[in-house]
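# Coordinate inspection notes
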Amino acid sequence: MAYEIPQKPMISVIMANYNCEAFLASAIRSVLNQTNTALELILVDDGSSDRSVEIAQEIAKQDARLSVFSGTRYGGPAPVRNHALEQAKGDWVAIVDSDDLIRPDRLERMLTAAEDTGADILIDNLAVFQSDGPANIFTMFEGDLRDRPARIMESEYIKANMLYGRGSKLGYAKPLIRRSALEANSLRYNETMRIGEDYDLIVRLLSTGARMMSVPDVMYFYRKHGNSISHRLDAVALDALEQTAGEALRQPTPHAEVTAAHAARLKSIRRAVIFDQILTALKRKNVLGAAKLVGTEPSVIPLLRMPLIHRIQQRTGNPLARSDQHLEAELVKLRALCEA
């Protein structure tokens, strides 16, 4: 079915893309198949060398709600999303990645929940699946967030984003954001960041007094594959994370719990920096150098088990992992709908 651009879209969906031709058409269709059709999809390409732009432009010929911006190399998702935000006309902004999938009723249900609760930011539960081989689905929310809607306070959000921490990793959530909250505070993505840019934007928005809510429904399917960058940490990404976390800690706030949460997160990042340096030393067979680094930060010792555990699980599988069978069946239907 062909759609015209709504005179006033309710939701602006922004999608950053870089060399994602294998999954892009499915991601686009999962947005355009939404039951709430009063939307626009703004796709900004980051100088792809594959057929991404061609694929998107072909779909745009049949659905005017899709706008494709290409021809510029921005150098990361943050500046790409900022360019998309400048084009947005909707009252709400939704983030969807170019290799992921969303349920057909996701935006309609999230919009209703946001308006009913007076939220400026709304997140849903997220299912992570492997693109190659068995899906091995697991979800992001843990504890009470899996069972009922909740308000997420600023300090709680920060604590849910510790590096190598336990519990729900809310920084991976793909939010629905009231655009007026962004515009009133002149907020945009931090373009120095290649990882963690979503968390950084949300925490700055929360610091202005924005209201954040969650719903337990699993409506976003987050794809992991060989070219994914959002789960990769390296020295450059860690440096940007450390700098922004330090800046956040230095910001004045009347809430002691927020200051404590920022301090704990900065400590977790610095521990991750040491961990990365230890791994680099070990790869270079510099055992003595690695041992000295462990001596500077003994709390890193539990992390050293992770590479070994990961290798064992790659070879033998994880006997403790239990993929959600209901979500696997839902994913099969969703992929069939979007890949048809």
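Computed from a prediction, not measured in an experiment: that's the story for all the values here. (Residues numbered from 1 in each chain as written. Predicted model: local features only at pLDDT ≥ 70, side-chain atom pairs only at ≥ 80, totals over all residues. Heavy atoms only, no water.)

With that settled, consider helix H3 (residues 77-87). The element H3 is extensively covered by neighbouring structure, given that eight of its eleven residues are classed as buried. Residues Pro77, Ala78, Pro79, Val80, Arg81, Asn82, Ala84 and Leu85 constitute the buried set of H3. Against strand S1 (11-17), strand S2 (39-45), strand S4 (92-95), helix H6 (179-184) and helix H7 (197-206) lie the buried residues of H3. (Buried < 20%, exposed > 50% of the residue type's maximum accessible area, 1.4 Å probe, protein only. Helix = DSSP H or I, 4+ residues; strand = E, 2+ residues; numbered from the N terminus. Contact = heavy atoms within 4.5 Å.)

The next thing to look at is the pairing of S1. For S1, a buried count of seven out of seven residues is recorded, marking the element as mostly surrounded by other parts of the structure. Burial along S1 is two-sided: the face carrying Ile11, Val13, Met15 and Asn17 and the face carrying Ser12, Ile14 and Ala16 are both buried. For S1 and S2, the ladder comprises seven bridges, and the chain directions are parallel. What sits directly across from Asn17, in S2, is Asp45. Once the chain exits S1 it traverses helix H1 (residues 21-32) before rejoining the sheet at S2, and the crossover so formed is right-handed. Here four bridges tie S1 to S4, and the two strands are oriented parallel to one another. Of the residues in S4, the one forming a bridge with Ile14 is Ile95. (Pairing = 2+ DSSP bridges. Right-handed = clockwise from strand over helix to strand, strands pointing away.)

Attention shifts here to the pairing of strand S3 (residues 66-69). Summarising the sheet, S2 and S3 pair through four bridges and their orientation is parallel. Pairing of Leu41 across the sheet is with Leu66, part of S3. Each parallel crossover has a hand, and the one from S2 via helix H2 (residues 52-62) to S3 is right-handed.

Inspection of the entire model under this criterion finds 24 salt bridges. Salt-bridge contacts for Asp97 lead to Lys174; the nearest nitrogen and oxygen are separated by 3.1 Å. Taken together, the residues Asp97 in the loop between S4 and strand S5 (101-102) and Lys174 in the loop between helix H5 (154-159) and strand S9 (176-178) connect sequence positions 77 residues apart. Taken individually, Asp97 and Lys174 each receive the classification buried, so the pair is uniform in this respect. (Salt bridge = Lys/Arg side-chain N within 4 Å of Asp/Glu carboxyl O.)

Further remarks concern the side chain of Asp46. Here Asp46 is to be found in the loop between S2 and H2. Within the local environment of Asp46, its side chain forms a polar contact with the side chain of Arg73, the two groups lying 2.7 Å apart. Beyond its immediate chain neighbours, meaning those up to four positions away, Asp46 contacts Asn17, Tyr18, Thr72, Arg73, Tyr74, Gly75, Gly76 and Val80. (Polar contact = N/O pair within 3.5 Å; in protein donor to acceptor, adjacent residues only side chain to side chain.)

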